[in-house]
Structures are given as C-alpha cells and as structure tokens.
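Now for the letters of each chain:
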Amino acid sequence: MPTRSFLPALALGLALVVAACGASSSATSSSSRAASAIVSAAATSTTSSAAESPAASPASSTGAVACTSPATPTMAETEGPYYKAGAPENADLVQAGMAGTPLALTGYVVSADCTPLANARVEIWQADSAGNYDNSGYTLRGYVLTDAAGRFSIRTIVPGEYPGRTEHIHVKITPDGGSTLTTQVYFPGTTANDADGIYDPSLLLTMSGGASDLAGTYTFVIGG
Ligand code: FE
C-alpha cells in the first residue's frame, strides 16, 4: 500500500505538530482518489482501536497533544476565492443524504510553547465530494471553539478535488483575543498533492480510523 508509511501514526493515534507524514506523500503514486486510499489504508490497519469502535467520539481519536516547545508555528496559506464570512457555529457539517466519506476533523490549537489555547475559533470551509463549494449558503462551512485543553472537533466529509487543487480543507484559526491564522490542511496519500502548487507537507493531517469512522487530526501552532 502506498500509504503504509503513515500507519504507525495511526496506531499511535496522536496529533503530530509537523510533517511527520510528509515523507509518505513522496512514496505515493498509485492512488488517484485520496478518500479511497485513506479508507483502504485505514481499513487494513489492525492496530487502531478506533477502527473497531464506530461509536468512538471524534474527540477520543484526537489523543494527547503532541507538541515539543518551541514548536514551529503552522504555516499560513492563501484564503482562496471561496471564503464566505458569517458561517454558523456548527460541529457537524454533514447533512442527511450528503455524498462523501464522513470525516472527524480533530486536533488542538496551541501556542509555540505548547500551551493549549482555549476558546480559539476554528473555522473551516471546503468543497463537497464533487469538488464544489456552496457559495450561496453555508453547506460545509462552520466553526467551533476549542475546549480548555485547546481541543476541537468538527464532523465533515473528505472533500473532492477541483481543477488545480488537491483535496484540502480551508481553516481559519482565531485565538481568543488574537489574530487569525489562515491556512489549509491536506490528506496523506493523495496523488494530486505533489501537483498542487499550494500544497505543503507540513499541513498533512494524521489519519486514523476506517471507512465508518475516518478521522484526521492536526495540531495548529500559533506563533508569537
Ligand atoms: Fe479550496
């Protein structure tokens, strides 16, 4: 399997700060659909307890925050053309009948000295499984606030690709009283990653779970 190299991270179930999975993308060439690659890779894992527990909450798959001070701040990326202000607070963006692979997007927001940042606003927006954004409403757009441990969890789907872009989820992180970090997160094992000029391996999610409880986690480090 091309995505075999990130399976140890699945077993650990930890949120990694930087590009622990970066090397895996360069070893990937055969998959044209990241969602199927991720699901199939996760489905073959026998070490993830989460894969055997469909009832596991997204938060439980986040694990302990992995952060070594001083941590490298998460890089900023372009907002792109499809951001729309005014998205509602919503921890579950999956609507009835929505196509696509459900995804628990979880993680932490921390400072560079690894202090958890509570009440940070984590907003995401993304394409649907066919690669289309909802530019008239707020489908697949919403935000949550981090808890006291700096943790967040949003239920969404794996986005589709659209021309010029690999699978990605846009993110804005706004610490309580702080300035906003705008960035994007990506999926390990997606063939289109390396052809996407905006993609950066430091922004890869760490994946766990299986087809019924796929989870992607990331620790956002907010620089000084
Ligand atoms: Fe986009």
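Up top you'll find the structure we're talking about.
Small disclaimer: the values here were computed from a predicted structure and weren't measured.

Q: So what about the overall build of the protein? Which residues, and what values?
A: Check the secondary structure of the protein and you find three helices and eight strands. Within the span of the protein, comprising 224 residues, buried residues form 50% of the whole. Summed over all atoms, the accessible surface of the protein reaches about 9,000 Å², with 55% contributed by carbon and sulfur.

Q: Summarise the coordination of the iron ion; cite the residues concerned and give the values.
A: Distances from the iron ion to its protein donors, Tyr133 (OH), Tyr162 (OH), His168 (NE2) and His170 (NE2), fall at 1.9 to 2.1 Å. Its four donor atoms give the iron ion angles of 93 to 152 degrees at the centre, a pattern that matches the irregular case. All donor residues of the iron ion come from one chain, and their arrangement in sequence is Y-x28-Y-x5-H-x1-H. You can see tyrosine 133 sitting in the loop between β2 (121–125) and β3 (141–145) and its partner tyrosine 162 sitting in the loop between β4 (151–157) and β5 (168–174), a full 29 residues away along the chain. By relative accessible area, tyrosine 133 is classed as buried at 11%.

Q: Give a description of the environment of threonine 183 that names residues and reports values.
A: Along the chain, threonine 183 falls in strand β6 (residues 181–186). Once residues lying within four places of it in the same chain are set aside, the contact partners of threonine 183 are Thr74, Met75, Ala76, Glu77, Ile169, His170, Val171, Leu203 and Phe220. Polar contacts involving the side chain of threonine 183 include one to the main-chain carbonyl oxygen of methionine 75, which spans 2.8 Å.

Q: Which residues make up the pattern of salt bridges, and what values do they have?
A: Within this structure, the stated rule accounts for five salt bridges. Across the salt bridge formed by glutamate 79 and lysine 172, the nearest N and O atoms sit 2.7 Å from each other. With a gap of 93 residues between them, glutamate 79 in the loop between α3 (34–44) and β1 (102–111) and lysine 172 in strand β5 connect regions that are remote in the sequence. We note a salt bridge from aspartate 92 to arginine 155, for which the minimum N-O separation is 3.2 Å. Linking aspartate 92 in the loop between α3 and β1 with arginine 155 in strand β4, this pair joins segments that are 63 residues apart in sequence. Taking relative accessible area as the criterion, arginine 155 reaches 34% and is therefore assigned partly exposed.

Cut-offs applied
Residues numbered from 1 in each chain as written. Predicted model: local features only at pLDDT ≥ 70, side-chain atom pairs only at ≥ 80, totals over all residues. Heavy atoms only, no water. Helix = DSSP H or I, 4+ residues; strand = E, 2+ residues; numbered from the N terminus. Buried < 20%, exposed > 50% of the residue type's maximum accessible area, 1.4 Å probe, protein only. Areas by Shrake-Rupley, 256 points an atom, 1.4 Å probe, with all protein chains shown as cover. Donors = N, O, S within 2.8 Å, 3.2 Å for Na, K, Ca; no water. Tetrahedral: all angles 85-135°; square planar, octahedral: opposite > 155°, others 65-115°. Contact = heavy atoms within 4.5 Å. Polar contact = N/O pair within 3.5 Å; in protein donor to acceptor, adjacent residues only side chain to side chain. Salt bridge = Lys/Arg side-chain N within 4 Å of Asp/Glu carboxyl O.

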